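One-letter residues, chain by chain:
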Amino acid sequence: QEGDAEKGERVFRKCQACHAVGEDAKNKVGPALNGIIGSTIASVEGFSYSSVLADMGAEGKTWTEEELAAFLEKPRDYAKGTKMAFAGLRKEEERANVIAYLATFSEE
Ligand code: HEM
C-alpha cells in the first residue's frame, strides 16, 4: 500500500516523544531516524539497543518497508524484548503513511 508522507508527518507525532528525524535530529529515548529505510537494524551510531534488535542487525537484517511495517504494527511481537515501549500502529494506513514520511529522510 502506497503511503502519504504528509499524513505520515501527523502520524509521526506519536513517535516524537522518543524519536527525532530531519536536520540536526539527535538520539533521544529512541534513535534518530534519518536514513532508517534500507539501513541495517540497530545501526544508529551512539545508541544503545536492546539485544534483540542488536542481534537482528548483527545477522545483517535491514529495515525494508515490509520489516518496518511488521515492527510498527506490534513492536513487542516483532522483537521480543525490545525496549521500544510503544503499543504499535494498529491501522495499516497509518503504518504506510508514517513509512512514507520516514522515506522522505532516507535515500532510495
Ligand atoms: C526503535 C520507529 C515510537 C522508543 C525504533 C526503530 C524504529 C522506530 C524504526 C528501530 C531503529 C533502529 O534499528 O535503529 C518508531 C516509530 C514510532 C516509534 C515510527 C511511532 C509510530 C516510539 C515511542 C518510543 C520509542 C513512542 C518511546 C516510548 C524506541 C526505542 C527504540 C526504538 C527505545 C530502541 C529499541 C530497542 O533497542 O529494542 N523505533 N518508533 N519509539 N524506539 Fe521507536
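In short, a report on the structure. Everything numeric here is computed off the predicted structure, so don't read it as measured data.

### Structural notes on the nonpolar core
When a protein is soluble and globular, its nonpolar side chains tend to lie buried together.
Turning to step 1, where the next piece is worked out: Grouped together as the largest cluster of nonpolar side chains are 24 residues, with contacts concentrated most on Phe 12, Trp 63, Leu 68, Phe 71, Val 98 and Leu 102.
Turning to step 2, where the next piece is worked out: Breaking this core down by element, the ones donating at least two residues are α2 (51-58), α3 (65-73) and α5 (92-103).
Turning to step 3, where the next piece is worked out: In contact with Leu 102, not counting residues within four places along its chain, are Phe 12, Val 21, Leu 33, Ile 36, Ile 37 and Leu 68.

### Here's the deal with the coordination of the iron atom of the ligand
Turning to step 1, where the next piece is worked out: The protein atoms that coordinate the iron atom of the ligand are His 19 (NE2) and Met 84 (SD), at distances spanning 1.9 to 2.1 Å.
Turning to step 2, where the next piece is worked out: Considering all six donor atoms around the iron atom of the ligand, angles at the metal cover 85 to 179° and the coordination shape is octahedral. Linking His 19 in the loop between α1 (5-11) and α2 with Met 84 in the loop between α4 (75-78) and α5, this pair joins segments that are 65 residues apart in sequence. As far as the burial class goes, His 19 and Met 84 line up, both buried.

### Notes on the site of the ligand
Turning to step 1, where the next piece is worked out: Near the ligand lie 26 residues; those nearest to it are Cys 15, Cys 18, His 19, Ser 50 and Met 84.
Turning to step 2, where the next piece is worked out: Between the ligand and Thr 82, the relevant distance is 2.7 Å, taken from an oxygen atom to a side-chain nitrogen or oxygen of the residue.

Rules behind the numbers
Residues numbered from 1 in each chain as written. Predicted model: local features only at pLDDT ≥ 70, side-chain atom pairs only at ≥ 80, totals over all residues. Heavy atoms only, no water. Core = buried A, V, L, I, M, F, W, Y, C linked by side-chain atoms within 4.5 Å. Buried < 20%, exposed > 50% of the residue type's maximum accessible area, 1.4 Å probe, protein only. Helix = DSSP H or I, 4+ residues; strand = E, 2+ residues; numbered from the N terminus. Contact = heavy atoms within 4.5 Å. Donors = N, O, S within 2.8 Å, 3.2 Å for Na, K, Ca; no water. Tetrahedral: all angles 85-135°; square planar, octahedral: opposite > 155°, others 65-115°. Near = heavy atom within 4 Å. Polar contact = N/O pair within 3.5 Å; in protein donor to acceptor, adjacent residues only side chain to side chain.

Nothing here speaks to function; it is all geometry.
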